[in-house]
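Inside the fold
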Amino acid sequence: MTDYTAIIIGSGYGGAVSALRLGEAGVSTLLLEMGKLWDAPGKDGQVHCNMSSPDGRAMWFKDKTEAPLKSFLGLPVIDKAIDRYPGILDRVNFPNMSVYVGRGVGGGSLVNGGMAVVPREDYFREVFPDVDAAEMFAKYYPLALFRLQASTIPDSLLENSAWYRFARVGRDQAKRAGFKTRIVPSVYDYDYMGKEDRGEARKSAFGAELMYGNNAGKRSLDKTYIADALGTGHVTLKFLQRVDEITVDEAGAFPVYTVKTSEIGDKGPTGVTRKFTCRHLILSAGSVGSSQLLVRARATGKLPLLNGEVGRHWGNNGNVMTARANHLWNTTGAKQSTIPAVGIDDWDHPTHPVFAEIAPLPMGFEHWISLYLALTKTPERGAFEYDAASGESVLKWGPGQSQFSLDGAKIMFDRMNKANLTSYRYDIFGGGRAFAGDFTYHPLGGCALGKATDLYGRLKGYRNLYVNDGALIPGSIGVNPFTTITALAERNIERIIREDFPTP
Ligand code: FAE
C-alpha cells in the first residue's frame, strides 16, 4: 500500500492539468507545492502587494526585491528592502543567467503576464517533429485556451482606454517600421478590466499589480484547473512542502516512489520533514525545479538509471528585454495596464526571427518609455550539472550564450528606431546597457520530450515516473510558453491515464 496512487510535485501549469485529469479519473492524488496558498489577506487587507510598494509577500526569501529593471535616470530606484518571507516571485540566480519563477499554489500563473499565445504551427513542428501537430492544434490548444479561460481584449479597451495608450503607441510604431502586429489573448478577465476602466471596481491590472500577484481579475490556476481538481474529491493539496529527495523501491510488482519534503515556514524550513509514498510520480516543478530534482537524484544514486539527456536542452526561449525612448510629444501614458495585449511578429525574418511583446512599464508617471520582451529563435542551449559541494544542480550557461538573442533583438529595434527617429534607453537595465539578456521569464527544457522521456513524458529508465511541465520543451517555442505547456500536459496526461493506470 502507498499513501497515494499518484503524487505530483509542483502546482504550475503541468501540475494543475495533471491534478485535474487524475482527479477526474478517480485516482487518489497528492499535489505538493513548496510555496504558499495565496488566499489570506495581509495587514493591509490585500492578499498581494503591488509593484510600487513591495513587502515580504513579493519575493521568495530575499532581503530586497530583484526586479528586472535596475534603475531609472541613473538612480537605483527599483529594488526595495523587504522582509525575508515565502513570497510569490523567485529569481533563481545562476552564473550568466537568472530565472524568474512563481512560488505558490498556481506556480507561474500567479506572477505572469497572462498572455495565452499559441505558437506558429510550422515552428511547433520544428521543435517537436515527433508530436502529432495537427492533433495539438485541432484538439489540445483549443482545450487549453478554453480551460485557462483565455479571451481577447475588447476594442473598447485596446483602442480607447488611457491605460492601453502604451500598446497603441507601440503598435503604431511597429507598423511604421513595417512589422506585423497581433493581438494576443489573455487569461485576465476583461469584463473586470472594463469595470476598472470605468472606475467601478478596485484596480488590479490598472493598479500596478502583476509580478507580485493580482488581487483581482487574473484567472490564475488556483481559480481554474486547481479549483476544479480539488472539486473532484480525489486530489489532496499540501503547500509549503518542498520536495528535497525522490527515491524508488523496485522490489515489488510495481515501483514505490518516496518523496521526502521539508516544511517551509515564514522564516524558512522549519526542520519538520515528511515522507509520502506513491505508485506514480509526476514531476511538474517547472523547467528548473524538475531538472534540478532529477539531475540531483541521478548524481546521488537515488535514480541512477535516468539517462544522460536529463538536465540537457535547456533554453531561455531567447528572452531579451529592451527599452526605447519616445519623443516628448509621443507619450506612453502615466496610466498603464499591467496586462500586455499586443505582440510584434517578425518570425519570418531570414536569420533572426523575433516575436516581441509590447510590455507595459507602469511607474505611475509619464516616462515616454516603450518596453519590450523579445523572444528569439535562439539555437543556444544550457545544461544542469550537479555540484556535490553545494548539493545543488546548477545551470551552466556561458557568458556569450545570450549574444544570438541580443543580436536578434537589436535588428528588430534598430529598424524600429530608424523608422520612428527614436533611440534606446541606456539607464534602466544597469551597466549602461540598452538590452538585457541575462534573465528569463521563460525557462524551458531540461527533460526534453522524446529525449529524457518518451513522447508522452515518461522518464526513460523507470516505470511510472513522469515529467509534465515546461521542462519537456527543448529551450524555445517562439512565443510565451504557458499555453503550449498546458496543451502538451493535457495531451500527455490523457495518454498516461489511459495506458498506465488500471481502470477502476
Ligand atoms: P511553474 O509554473 O513554474 O510551476 C512549478 C511549480 O513547482 C511552482 O509553483 C514551484 O514553486 C513548484 N516547485 C518547484 N520546485 C519544487 C519542489 N522541490 N517542491 C515542491 N514544489 C516545487 O512550471 N508565460 C506565458 O505564456 N505568458 C505570459 O504572459 C508570461 N509572463 C510571465 C511573466 C513573468 C514575470 C514570469 C516569471 C513568467 C511568465 N511566463 C509567461 C512564463 C510562465 O509563467 C511559465 O512558462 C510557466 O509558469 C511554467 O509552467 P510550469 O508548469 O512548467
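As the structure is a prediction and not an experimental result, all values here were calculated from the model. (Residues numbered from 1 in each chain as written. Predicted model: local features only at pLDDT ≥ 70, side-chain atom pairs only at ≥ 80, totals over all residues. Heavy atoms only, no water.)

1. Section: the site of the ligand
What counts, and what does not: Proximity is defined per residue: if any heavy atom of the residue lies within 4 Å of a molecule or strand, that residue is considered near it. For the purposes of these results, a polar contact is taken to be a pair of N or O atoms within 3.5 Å, where, inside protein, one atom must be able to donate a hydrogen and its partner to accept one; residues adjacent in sequence count only when each atom of the pair is a side-chain atom. Per-residue and other accessible areas follow the Shrake-Rupley method at a 1.4 Å probe size, with only the shown protein chains counted as cover for residues. Numbering of helices and strands runs from the N terminus; a helix is a DSSP stretch of H or I covering at least four residues, while a strand is a stretch of E covering at least two. In this classification, the charged set is Asp, Glu, Lys and Arg, the nonpolar set is Ala, Val, Leu, Ile, Met, Phe, Trp, Tyr, Cys and Pro, and all remaining amino acids, among them Gly, are polar.
Around the ligand lies a shell of 35 residues, among which E33, G108, M115, G470 and F482 are the nearest. Note that an oxygen atom of the ligand is positioned 3.2 Å from one of the side-chain N or O atoms of R103. V243 places a main-chain nitrogen or oxygen 2.9 Å from a nitrogen atom of the ligand. When the ligand sits alone it has 1,000 Å² of accessible area, and the protein chains cover 95% of it. Elements with a contribution of two residues or more to the shell around the ligand: α1 (13–24), β4 (97–102), β7 (241–249), α8 (286–299) and α10 (482–500). At 3 residues, the largest contribution of residues to the shell around the ligand is made by β7. Residues that form the shell around the ligand fall into these classes: 14 nonpolar, 17 polar and 4 charged.

2. Notes on the environment of V131
In plain terms, the rule: Only protein chains enter the area calculation, which uses a 1.4 Å probe; residues under 20% of their type maximum are buried, those over 50% are exposed, and those in between are partly exposed. Should any heavy atoms of two residues lie within 4.5 Å, those residues are counted as being in contact.
Tracing the sequence through the fold places V131 in the loop between α2 (121–127) and α3 (133–148). Overall, the relative accessible area of 7% leaves V131 in the buried class. It is 7.2 Å that separates the C-alpha atoms of V131 and L455, two residues lying 324 residues apart in sequence. Non-local contacts of V131, meaning those with residues more than four positions away in its chain, are made with F124, M136, L449 and R491.

3. Some remarks on the state of the cysteines
Convention followed: Note that a disulfide, as used here, is simply two cysteine sulfur atoms within 2.5 Å.
Overall, the coordinates contain 0 disulfides when judged by the stated rule. Between C278, a free cysteine, and C447, which holds the nearest cysteine sulfur, the sulfur-to-sulfur gap is 17 Å.

4. Overview of the layout of surface pockets
What counts here: Cavities and pockets are found on a 1 Å grid laid over the protein atoms alone: a cavity is a set of points where a 1.4 Å probe fits but cannot escape, a pocket is an open set with protein on both sides within 12 Å along at least five of seven lines, and a lining residue has an atom within 4 Å of such a point. Grid points are joined across faces, edges and corners, and a volume is the space filled by probe spheres set on the points.
What the second largest pocket holds in volume is close to 360 Å³. A per-class count over the lining of the second largest pocket returns 6 nonpolar, 2 polar and 10 charged.

5. What about the side chain of Q336?
Looking at the element boundaries, Q336 is found in the loop between β10 (320–325) and β11 (342–346). Of the polar contacts made by the side chain of Q336, one reaches the backbone nitrogen of L361; its length is 2.7 Å. Once residues lying within four places of it in the same chain are set aside, the contact partners of Q336 are W163, F166, A205, P360, L361, P362 and H367.

6. Looking at the pattern of salt bridges
This is how the line gets drawn: The term salt bridge refers to a side-chain nitrogen of Lys or Arg lying within 4 Å of a carboxyl oxygen of Asp or Glu.
Enumeration according to the criterion identifies 34 salt bridges in this entry. Between R91 and E66 there is a salt bridge, and its shortest N-O distance comes to 3.7 Å. Here the residue R91 occupies a position in strand β3 (residues 89–94), and E66 occupies one in the loop between β2 (29–33) and β3, the gap between them amounting to 25 residues. A relative accessible area of 17% means that E66 is categorised as buried. One salt bridge connects R202 with E209, and the closest N-O pair in it is separated by 2.8 Å. Looking at R202, the relative accessible area reads 39%, which means it is partly exposed. One salt-bridge network, in which partners are shared between bridges, spans K62, E66, D90, R91 and R103.

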